[in-house]
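What follows is each chain in one-letter form.
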Amino acid sequence: MPKKRSGGGLTATQQAAKFLGVSVLSGAVLAGIALPAFGALGLAAKGSVESFDELPANLKTPPLSQRTSILDAKGKQIATVYSRDRTVVDLKNISPYMQKAIVAIEDSRFYEHGAVDLKGILRALNKNARSGEVAQGASTLTQQYVKNVFVEEAGDDPTKVAQATQQTIGRKIRELKYAIQVEEELGKKKILENYLNITFFGQQAYGVEAAAQRYFSKRAKDLTLPEAALLAGIVQSPSRYDPVNDEAEATKRRNTVLQRMSEVGDVSAAEAAKAQQAPLGLKVTKPKNGCITAVQGASFFCKYVERVFLSDPVFGKTKEERAKVWNQGGLTIRTTLDPQAQKSVQASLKDHVYKSDKVAGAVTLVEPGTGKILGMGQSKPYGYGKNETEYNYSVDAAMGGSNFGFPTGSTFKPFVAAAALEQGRPVTQTYPAPFEMPYPDTVQTCSGKPWVNDGRPKYKLENEAESEVGPYALKKAMELSVNTYFVQMLADIGMCPVVKMTDALGVVQGNGDKVPEVPSSMTLGSTGLSPLTMASAYAAFASRGMYCTPIAIESITQTVGGQKKSLEVPKSTCSRAMSEKTADSINTLLSGVTDSGTGKQAGLSGRDNAGKTGTTDERKNAWFVGYTPNLSGAVWVGSATQKVKMTRITIGGVYHSEVYGGDTPGPIWRDAMTGALEGKEDPRFTMVDIPNPEADRDRGEGDGNGNGGNGDDDGDDGNGDQGFIQGLFNGGTSNGNSSNGGNGNGGITLPDNLFQGQSNGGNNGNNGNGGNGNGGRR
């Protein structure tokens, strides 16, 4: 026995009275259009409108919310996002079977009556009175369309939805008046088209196009007779007649629709009978809503695009305005994401960091000179389960990232070097750079009030290895990442030039605040930043000093009411952060890092490339940030909670006694960049000539501290060329083939720092190492 909608326990007499009231009310509405006095009935009862005449004259039809498509730079779909899965189509693109089926089962006299079907009301009155239940409704298709408009306008607000569907005389009055207006203005075909596009078909599908895709994986124009009948039957009760969860009930309902189509002459009895015997033939496409469904690991980039839309004033002055446009949907968003680069990012991460590892990895690739984000991914997938996360480790907190970003370690040092070069320091700048030293007593700040070292032990620093003892020139200090060198450089130039440089490069903490003016932050990267921030800043080196703000959106087209329009999108703002000479110098310095320095494992073969390693205290974070002239990339590997120390740890199946920026992030960067650049042009850096004092010492020239150089063929005597009195005391020499030169011991020990290099380590050895001049203080 077919199930029937409950009549709320009313008797047959009460049901009759109820429908009679609707009939009379319908007559009142019709009369009220022509006779205002009659229209002003006593309708001020609770839950009704004040009077028929006081209703607004026109129904405000909101644009139908539709799905939004997010595309990559090549036009391929990354994901679909929607508050309601709907694609609006013209009536000509809806199967004639579908048009006939919905009319037959919902309002068979649709083309014969006006906005109100009095004959239908009386028929429903009679049937419901006999059955004792509300077995048949009396609303026309036009009235149903108007109700759906109210529901659509209510959106996802449960209170507004309840108001739009409440069973009151007031709502019926409103429905009837607007139905009359709609009939006069739109006509039958347009009403049918609008109804089929607005109504809910279950399984998150709004409108017939989405329903056809959901249940049969085809377009609405291609629906067959039994398929159309099934969809038409769902509308009355999408949960009850859901074919996915109750095939038997859905089949009965479909066959009822087919029978009705036969009764009204839409199909022959034979056609209806044949269709009733057909299987449902479902080919269900599961709902794919939101960035969590994005392809090629682009979920985090997709969410970044969404946050850009919801936060940028170009899409609306207020948060509410932007959210309204986003939820309305119908957007086609073409992004900057390069599918080749994104694929390479994900492949590299998969090879080097497992999602089940105790730590995570994140990679962001940016195009120098444009700010376009070409790739963004991380080792832990987007989601809410085990080894998943909703946090985007590549971006700032405001855009869905971690609260503060991640300490960057020595990847911050190139900013200090760039600031010093902009201040006029030579590219050969040399500092003593001992293995260990306290932070300077004072360092100038932008405020004019110097930072003061209060002498606490934590304000001392040392280099990574005890063998790292200066003096060093800038090139070697950068290659070896000598901590004490860059702190001495900061003390020399002050913090304000570094602040100005980081401001020009868009460098802010993960929480959006400026980097604090303290030496540890301004040199050794103790402050948390995001990979996107670092990749964008380094991109300025690649583009010879031009910094461009990062962008993710190329263009947006919005479809409203069948009309397409282009929306304005955020543009990258490019400005000069440093001179070309400074940028070229940094490029030359950082090329040495990937060639023979701490980043050697990251170096690319056959392309100009440069970069910098970074490792933080207790090895909770490791970085490699590098670039070619046409691509910049930042890689972070570490503890998202900042609780895991990367010592005696296995990452990506590889055991590490200690993790360094060069041995874990470096290879990730190398592989991601190699794939992203495959087949792309190979531009070159504009390099500068940097004299190499270390190479001079390698030929046997002393370093000024009494240390002889490493001898090559026919090395010269080591001269302490930086001493106050050069070569005042000469040490002995010795000759040897492929051996170490003699140690000059002729010097005498003098008071601290008075004379440097008073003895000369001699070396005439072929391919040998120069001797150590031991005169003077060491």
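All values reported here derive from a predicted model rather than from experimental measurement.

## Some remarks on the pairing of strand 18 (residues 610–615)
Here is step 1 of the chain: Within strand 18, 5 of the 6 residues are buried, which leaves it mostly tucked inside the rest of the structure.
Here is step 2 of the chain: As judged from the 6 bridges shared by strand 18 and strand 19 (residues 621–628), these two strands associate in the antiparallel manner. Note that in strand 19 the partner of glycine 611 across the bridge is glycine 626.
Here is step 3 of the chain: In textbook terms, the turn of a hairpin is the stretch between consecutive antiparallel strands, and for strand 18 and strand 19 this stretch comprises 5 residues, one of which, glutamate 618, has a positive phi near 60°.

## Regarding helix 10 (residues 225–234)
Here is step 1 of the chain: Across the 10 residues that make up helix 10, a large majority, 10, are buried.
Here is step 2 of the chain: Buried residues of helix 10: Leu225, Pro226, Glu227, Ala228, Ala229, Leu230, Leu231, Ala232, Gly233 and Ile234, and no others.
Here is step 3 of the chain: Where helix 10 is buried, its residues contact helix 3 (96–106), helix 9 (208–216), helix 11 (247–263) and helix 12 (269–277).

## A closer look at unusual backbone geometry
Here is step 1 of the chain: Residue proline 471 is reached from glycine 470 by a cis peptide bond, and omega for that bond is 10°.
Here is step 2 of the chain: Inspection of the secondary structure assignment puts proline 471 in the loop between strand 11 (460–462) and strand 12 (472–473).
Here is step 3 of the chain: If you check the backbone angles, glutamine 204 has positive phi at about 65° while not being a glycine.
Here is step 4 of the chain: Summarising the element assignment, glutamine 204 is placed in the loop between helix 8 (188–198) and helix 9.
Here is step 5 of the chain: Positive phi, close to 60°, is recorded for asparagine 387, a residue that is not glycine.

## Topic: the confidence of the model for the chain
Here is step 1 of the chain: Confidence in the prediction for the chain averages 82 pLDDT; 77% of positions are at 70 or higher.
Here is step 2 of the chain: pLDDT under 50 marks residues 1–55. Its contacts with residues more than four places away, or in other chains, come to 82 contacts.
Here is step 3 of the chain: Note that pLDDT drops below 50 for residues 698–778; the model gives that stretch 177 contacts with residues more than four away or on any other chain.

## Let's talk about the pattern of salt bridges
Here is step 1 of the chain: Enumeration according to the criterion identifies 27 salt bridges in this entry.
Here is step 2 of the chain: With its nearest N and O atoms 3.1 Å apart, the salt bridge here joins aspartate 503 to lysine 514. Pair noted here: aspartate 503 is in helix 19 (residues 496–504) and lysine 514 is in the loop between helix 19 and helix 20 (519–524), with a separation of 11 residues, a long-range link.
Here is step 3 of the chain: With a relative accessible area of 40%, aspartate 503 lands in the partly exposed category.
Here is step 4 of the chain: Each of Arg607, Asp608, Asp682 and Arg684 takes part in a single network of salt bridges with overlapping partners.

## Structural notes on the side chain of lysine 620
Here is step 1 of the chain: Mapping lysine 620 onto the fold places it in the loop between strand 18 and strand 19.
Here is step 2 of the chain: We classify lysine 620 as buried; its relative accessible area is 18%.
Here is step 3 of the chain: Not counting residues up to four positions away in its chain, the partners in contact with lysine 620 are Val637, Gly638, Ser639, Gln642, Val644, Lys645 and Met646.

## Describing the state of the cysteines
Here is step 1 of the chain: If you walk through the whole model with that rule in mind, you get 3 disulfides.
Here is step 2 of the chain: The disulfide partner of cysteine 446 is cysteine 496, and the gap between their sulfur atoms is 2.3 Å. Since a negative S-S torsion denotes a left-handed disulfide, the cysteine 446-cysteine 496 link at about 110° is right-handed. Of the two residues, cysteine 446 sits in the loop between strand 9 (442–443) and strand 10 (451–452) while cysteine 496 sits in helix 19, which places them 50 residues apart along the sequence.
Here is step 3 of the chain: Given a relative accessible area of 34%, cysteine 446 falls into the partly exposed group.
Here is step 4 of the chain: Judged by relative accessible area, cysteine 496 falls into the buried class, the value being 18%.
Here is step 5 of the chain: With its sulfur 2.1 Å from that of its partner, cysteine 548 forms a disulfide with cysteine 574.

What counts, and at which threshold
Residues numbered from 1 in each chain as written. Predicted model: local features only at pLDDT ≥ 70, side-chain atom pairs only at ≥ 80, totals over all residues. Heavy atoms only, no water. Buried < 20%, exposed > 50% of the residue type's maximum accessible area, 1.4 Å probe, protein only. Helix = DSSP H or I, 4+ residues; strand = E, 2+ residues; numbered from the N terminus. Pairing = 2+ DSSP bridges. Contact = heavy atoms within 4.5 Å. pLDDT = per-residue confidence, 0-100. Salt bridge = Lys/Arg side-chain N within 4 Å of Asp/Glu carboxyl O. Disulfide = S-S within 2.5 Å.

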